[in-house]
Amino acid sequence: MNELIKLEKDNLDTLMDHENLIVVFSRDGCGACVKNNKNLEKLDKKYKIIIVDPIRHPKSTRFMPMPIDFFPKMGLFNRGYFNKELSQHNIRNQNIDTI
């Protein structure tokens with residue numbers, strides 16, 4: 001089971017050094033987010049997963065190159081560089097590395 005790290009301070013920039021980082025922008029009370037988190041926990045441990053509340057931590061949203069217009073919004077990063085946007089389908093089927 002993979003650990004989901006919930007961002008407590010607006011400091012995502014200090015956590016971006018991981019090679020396989022999934023950043024999930026979500027909100028408490030979001031049904032789709034809760035369901036998605038269960039699938040995130042099943043991913044390979046090579047992925048570091050950080051959950052960010054974009055309302056509480058607006059500075060951390062700057063790493064996502066597209067608008068956060070729905071939840072959950074997810075991105076795959078490699079040592080601070082955006083690699084690609086991920087969908088709930090990608091997570092559910094565990095096809096993260098394919099583009």
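Overview of the structure. Note that the structure is predicted; figures quoted are calculated from it, not measured. (Residues numbered from 1 in each chain as written. Predicted model: local features only at pLDDT ≥ 70, side-chain atom pairs only at ≥ 80, totals over all residues. Heavy atoms only, no water.)

A closer look at the layout of surface pockets
To keep it simple, the criterion reads: Here a cavity is any set of points on a 1 Å grid over the protein atoms alone where a 1.4 Å probe fits but cannot get out, and a pocket is any open set with protein on both sides within 12 Å along at least 5 of 7 lines; a residue lines the site when it has an atom within 4 Å of a point. Grid points are joined across faces, edges and corners, and a volume is the space filled by probe spheres set on the points. Secondary structure follows DSSP: runs of H or I at least 4 residues long count as helices, runs of E at least 2 residues long count as strands, and numbering of each begins at the N terminus. Nonpolar residues are Ala, Val, Leu, Ile, Met, Phe, Trp, Tyr, Cys and Pro. Charged residues are Asp, Glu, Lys and Arg, and all others, Gly as well, are polar.
Put simply, the largest pocket is a space of about 160 Å³. If you trace the largest pocket, you find 14 residues lining it, with Lys6, Ser26, Asp28, Asn37 and Ile51 closest to the centre. For the lining of the largest pocket, the elements supplying multiple residues, two or more each, are strand E1 (4-6), helix H1 (31-40) and strand E3 (48-52). Residue composition of the lining of the largest pocket, by class: seven nonpolar, three polar and four charged.

Considerations on the pattern of salt bridges
Short version of the rule: Salt bridge, as used here: a side-chain nitrogen of Lys or Arg that lies within 4 Å of a carboxyl oxygen of Asp or Glu. Relative accessibility under 20% of the residue-type maximum defines a buried residue, over 50% an exposed one, and the middle range a partly exposed one, all with a 1.4 Å probe and only protein chains included.
What the rule picks out here adds up to six salt bridges. Arg79 is the partner of Glu19 in a salt bridge, and the nearest nitrogen-oxygen pair spans 3.8 Å. Taken together, the residues span a long stretch of sequence, with Glu19 in the loop between E1 and strand E2 (21-25) and Arg79 in the loop between strand E4 (73-78) and strand E5 (81-86) at a distance of 60 residues. Using a relative accessible area of 42% as the deciding quantity, one classes Glu19 as partly exposed. Its salt-bridge partner being Lys73, residue Asp69 comes within 3.2 Å of it at the nearest N-O pair. Residue Asp69 is classed as exposed on the basis of its relative accessible area, which comes to 56%. Relative accessible area serves as the criterion here: at 5%, Lys73 is assigned to the buried category.

Structural notes on the pairing of E5
Selection criterion: Note: two strands are recorded as paired if DSSP finds a minimum of 2 bridges between them.
Here E4 pairs with E5 via five bridges, running antiparallel. In the strand pairing of E5, Leu76 is matched with Lys84. Linkage of E4 to E5, two consecutive antiparallel strands, is achieved through a turn of two residues, within which Arg79 is found at a positive phi near 50 degrees.

Some remarks on the environment of Cys30
When you line up the elements, Cys30 lands in the loop between E2 and H1. Residue class for Cys30 comes out buried when judged on its relative accessible area of 15%. Measuring from C-alpha to C-alpha, the distance between Cys30 and Pro72 comes to 8.2 Å, with 42 residues separating the pair along the chain.

Notes on the nonpolar core
The cut-off we apply is this: In plain words, nonpolar cores are sets of buried Ala, Val, Leu, Ile, Met, Phe, Trp, Tyr and Cys residues tied together by side-chain atoms within 4.5 Å. Two residues qualify as a contact provided that any one of their heavy atoms is within 4.5 Å of a heavy atom in the partner residue.
Membership of the largest hydrophobic core is limited to 12 residues, which are Ile22, Val24, Leu40, Leu43, Tyr47, Ile49, Ile51, Met74, Leu76, Leu86, Ile91 and Ile96. Elements supplying a minimum of two residues to this core: E2, E3 and E4. Non-local contacts of Met74, meaning those with residues more than four positions away in its chain, are made with Val23, Val24, Asn36, Met64, Lys84, Glu85, Leu86, Ser87, Gln88 and Ile91. Judged by nonpolar contacts, the second largest core, of 11 residues, contains Met16, Ile50, Phe63 and Phe77.

A few points about the sheet that holds E4
Keep this limit in mind: Fitting a line to C-alpha atoms yields each axis, with helices limited to the stretch in contact; the angle taken between N-to-C directions then spans 0 to 180 degrees.
In space, the five strands of this open sheet follow the order E1-E3-E2-E4-E5, with mixed pairing throughout. If you trace the sheet from one side to the other, it starts and ends with E1 and E5, each paired once. Within this sheet the neighbouring strands show an average axis-to-axis angle of 25 degrees, counted without direction.

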